[in-house]
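# Structural overview
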Amino acid sequence: MKAQMNRRDFFMGTAWMVMAALAAGCRLNRLGFGEGGSMQNFAFRKLGRIRVGFVGIGGRGTSAVHRVSMIPGVDIVALCDKNQDRVELNMKWLAGNNYPTVPKAYVGEEAYKELCDFGECDVIYCATPWALHQPVAMRALLGGKIALVEVTSALTVDECWELVETSERMKIPCMQLENCVYGEIELLELNLARMGKFGEIVHAEGAYIHDLREVISSTGKKSNTEWIWRYGENMLHKGNRYPTHGLVPICQTLGINRGDRLDYLVSLENGPHNANYEYFKKEFLADDDPRKKDPPAEMGDMNTTLIKTAKGKSIMVQHDVSSPRPYSRISLISGTKGIVRDYPFRCAFEEKCFDRGAHKWFDDQKAAKIREKYMHPLWRDVSDMARRVGGHGGMDFIMDLRWAYCLQNAEPLDMDVYDLAATSCLCELTEKSVRSGSRPVAVPDFTRGNWRNVEPWGVVGIDLGKMGLDAGAVSKDDASLNV
Ligand SMILES: NC(=O)c1ccc[n+]([C@@H]2O[C@H](COP(=O)([O-])OP(=O)(O)OC[C@H]3O[C@@H](n4cnc5c(N)ncnc54)[C@H](O)[C@@H]3O)[C@@H](O)[C@H]2O)c1
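Residues numbered from 1 in each chain as written. Predicted model: local features only at pLDDT ≥ 70, side-chain atom pairs only at ≥ 80, totals over all residues. Heavy atoms only, no water.

A few words now on the pattern of salt bridges. Under the counting rule described, the total for this entry stands at 24 salt bridges. Residue Arg 51 pairs with Asp 122 through a salt bridge whose shortest N-O separation is 3.0 Å. Separated by 71 residues along the polypeptide, Arg 51 in strand β1 (residues 50–55) and Asp 122 in the loop between α4 (111–118) and β4 (123–126) bring together distant segments of the chain. For Lys 313, the salt bridge is made with Glu 200, and the minimal N-O distance between the two is 3.7 Å. Highlighted residues: Lys 313 in the loop between β9 (303–309) and β10 (314–320) and Glu 200 in the loop between α7 (184–194) and β7 (201–209), separated in sequence by 113 residues. The network of salt bridges with shared partners includes Arg 60, Arg 67, Glu 150, Asp 396 and Asp 400. (Salt bridge = Lys/Arg side-chain N within 4 Å of Asp/Glu carboxyl O. Helix = DSSP H or I, 4+ residues; strand = E, 2+ residues; numbered from the N terminus.)

Structure (structure tokens):
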């Protein structure tokens, strides 16, 4: 009788989720692969030299231009922005740093279309505001170009399916530029996981907790336009619109889309207490400033999302950009034999059964030893150079080196279109759950069952010599590489 009840409960729960998802207009699963087949573990043909065109060179795009200009075998051939001054600024920087060629300029709101359709390049590197990521990536793929797209790469489930199906049909990779996958602690956790040090991983936590009040208030940075579009997104939406920094590294470590998959989620959000009143009702804002609207933001301060995987693991992802809290991605991996978390870095492992004591983390000295001993080889080999180049403590440069290395050596990129879709789709799904009283929402299986056939991401490296990079050839003073 009890078993019958359980089965019935399970059926009702599942049926409810499917009906809710269908009612919400989300396409849960498509029937099968397009003519191209799966893009998991797909290696693009070897590219000797990689020609890159940038779209969107504000704050983030400009730092990407600087980093990529330092990678041997990668040529910046085009710069595109809707604003002429952004293109000019980057042209000037490249010329001032003796860049050997002059990229072609594409200026205007629609200029990316010409670049994607006709530009002489292999890769489109997109760092526009979020709403343009998917349209630029689609245009790039249809124009025969590899799409590298900043986070969050797509804002709806349908946009994600479009990218999946187009990448498959065109047989061209589409990668989300999730730099946090290459952070020291995230890589350490991956390394520990692959060595079996966590035992079986049962739970993970990640976050984007970043006090951005200065950026989205008018006293913020003048060098970019982030506050305008980011604030626009926060005004209109609830849910987690920036889930990937916390979630993607967890997915890589847990083998999401590779042995497991995100099954369903529930999302809960508080109100926009900080986001509304403290910062945006200032007298110095112009009358037509969108931040004067009352109440200005839909988005609450803290969004907490819980995800259950098909294999029964749990994941918590948080988003808060308006509270006076120190930065945190949490980065917590917990298994049957141990736990690691960051902010601050802490760890504890069951060395012998119960000898650790239930209430103790390893002391700082022991934790530092673990951090050193199990450091991911990629971080060990490249982080010194990457830190000098800069970009979030070096992880940005490691990310750029990795996609370049993979494309130069015909290896699959570290993140594929399914990883992009499974994580970016949370924008729409978390908002749906929040707006429906935190009800469960199913996450589509973008791999259409292929997650059962693919091995988890391994412990990867870069052969710097093969890339023509000498780790010692870094000038600390101007953070540039003498290559
Ligand atoms: N991965 C990270 O750590 C990280 C860090 C910062 C920003 N980002 C992401 O990078 C992206 C850009 O952020 P940002 O801070 O540089 O914003 P930004 O506003 O400074 O830059 C956006 C640029 O896109 C340009 N743009 C807008 N519409 C365009 C169009 N139609 N065609 C061509 N260019 C267009 C703007 O003129 C601007 O120069 C965002 O998606 C953001 O989330 C990621």
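The next thing to look at is the sheet that holds β10. The strand order across the open sheet formed by eight strands is β13-β12-β11-β7-β10-β9-β8-β14, and the pairing between neighbours is mixed. Each edge of the open sheet carries a strand with a single partner, namely β13 (346–349) and β14 (441–442). Where α7 meets the sheet, it contacts β7, β11 (332–335), β12 (338–341) and β13, and its direction lies at approximately 165° from that of β12. (Pairing = 2+ DSSP bridges. Contact = heavy atoms within 4.5 Å. Axes fitted to C-alpha atoms, helices over the stretch in contact; angles between N-to-C directions.)

In this model helix α14 (residues 395–408) runs 20 Å from its N-terminal to its C-terminal C-alpha over 14 residues, within 8% of the 20 Å that 1.5 Å per residue would give. Within α14, 14 of the 14 residues are buried, which leaves the element mostly enclosed by the surrounding structure. Remark: Ala 410 follows α14 within two positions and exhibits a positive phi of approximately 50°. (Expected span 1.5 Å × (residues − 1). Buried < 20%, exposed > 50% of the residue type's maximum accessible area, 1.4 Å probe, protein only.)

Turning our eyes to something else, we now look at the pairing of β4. The side-chain alternation of β4 yields two buried faces, one formed by Val 123 and Tyr 125 and the other by Ile 124 and Cys 126. Bridge count between β1 and β4: four bridges; the pairing is parallel. Each bridged residue has a counterpart across the sheet, and for Val 52 the counterpart in β4 is Val 123. Bridge count for β4 against strand β5 (residues 146–149) is four bridges, and the pairing is parallel. Among the inter-strand pairings, Tyr 125 is bridged to a residue of β5, identified as Leu 148. Read as a crossover between parallel neighbours, the route from β4 over helix α5 (residues 130–142) to β5 is right-handed. (Right-handed = clockwise from strand over helix to strand, strands pointing away.)

What follows deals with the sheet that holds β4. The six strands lie next to each other as β3-β2-β1-β4-β5-β6, forming an open sheet whose pairing is parallel. Pairing within the sheet leaves two strands with one partner each, and these edge strands are β3 (104–107) and β6 (174–176). Strand-to-strand, the axes of this sheet are offset by a mean angle of 20°, without reference to chain direction.

Attention shifts here to the nonpolar core. Within the largest apolar cluster, 117 residues are counted, with the highest numbers of intra-cluster contacts made by Phe 54, Tyr 125 and Trp 403. A per-element tally of this core places α14 first, with ten residues. For this core, the domains that each give at least three residues are domain 1 (50–177) and domain 2 (181–376 + 417–453). Contacts of Tyr 125, omitting those with residues within four sequence positions, involve Val 52, Gly 53, Phe 54, Val 55, Ala 64, Arg 67, Val 68, Leu 148, Leu 177, Met 399, Asp 400 and Trp 403. (Core = buried A, V, L, I, M, F, W, Y, C linked by side-chain atoms within 4.5 Å. Domains from an automatic or database assignment.)

As a further point, take the packing of helix α2 (residues 59–68) against helix α3 (residues 84–96). Relative orientation of the contacting elements α2 and α3 amounts to 20°, with a least axis distance of 11 Å. In this view, α2 runs roughly parallel relative to α3, as classed from their interaxial angle. Two packed elements cross with a definite hand, and for α2 against α3 that hand is right-handed. Where α2 abuts α3, its residues Gly 59, Thr 62, Val 65 and His 66 lie against Arg 86, Asn 90, Trp 93 and Leu 94. Taken together, the residues that form the contact of α2 with α3 break down as three nonpolar, four polar and one charged. (Parallel < 35°, antiparallel > 145°, perpendicular 65-115°, else oblique. Left-handed = near helix turned anticlockwise from the far one by under 90°. Nonpolar A, V, L, I, M, F, W, Y, C, P; charged D, E, K, R; others polar.)

Looking now at the packing of aromatic side chains. Following the criterion strictly, the structure yields eleven aromatic pairs and no others. Taking 6.4 Å as the distance between ring centres and 90° as the angle between the ring planes, the aromatic pair formed by Tyr 182 and Trp 457 counts as edge-to-face. One end of the pair, Tyr 182, is in the loop between β6 and α7; the other, Trp 457, is in the loop between β14 and α17 (464–467), and 275 residues separate them in sequence. The burial state of Tyr 182 is the same as that of Trp 457; both residues are buried. One Lys or Arg, Arg 230, reaches over the ring of Tyr 242 and ends 4.6 Å from the middle of that ring. Directly above the aromatic system of Phe 362 lies the positively charged group of Lys 366, at a separation of 4.3 Å from the ring centroid. (Phe/Tyr/Trp six-rings, centres within 6.5 Å; stacked < 30°, edge-to-face > 60°. Lys NZ or Arg CZ within 6 Å of the ring centre and 35° of its normal.)

A residue-level look at the protein chain finds 81% of positions with pLDDT of 70 or above and a mean pLDDT of 88. Every residue in residues 1–16 is under pLDDT 50, and counting partners more than four places away or in other chains gives two contacts. Note that pLDDT drops below 50 for residues 18–26; the model gives that stretch eight contacts with residues more than four away or on any other chain. (pLDDT = per-residue confidence, 0-100.)

Right, let's get into the side chain of Glu 184. With respect to the helices and strands, Glu 184 occurs in helix α7. Taking relative accessible area as the criterion, Glu 184 reaches 18% and is therefore assigned buried. Not counting residues within four places of it along the chain, the set of residues in contact with Glu 184 comprises Arg 371, Met 375 and Trp 379.

Here α5 has its buried residues at Trp 130, His 133, Gln 134, Val 136, Ala 137, Met 138, Ala 140 and Leu 141. Just downstream of α5 lies Gly 144, where phi reads positive at about 85°.

Turning next to the packing of helix α6 (residues 157–170) against helix α15 (residues 417–424). The interhelical angle for the contact between α6 and α15, taken along N-to-C directions, is 175°, at an axis separation of 9 Å. The orientation of α6 relative to α15 falls into the category roughly antiparallel. In contact with Cys 160, Leu 163, Val 164, Ser 167 and Glu 168 of α6, α15 contributes Val 417, Tyr 418, Leu 420, Ala 421 and Ser 424. Along the lines of polarity and charge, the residues of the contact of α6 with α15 split into seven nonpolar, two polar and one charged.

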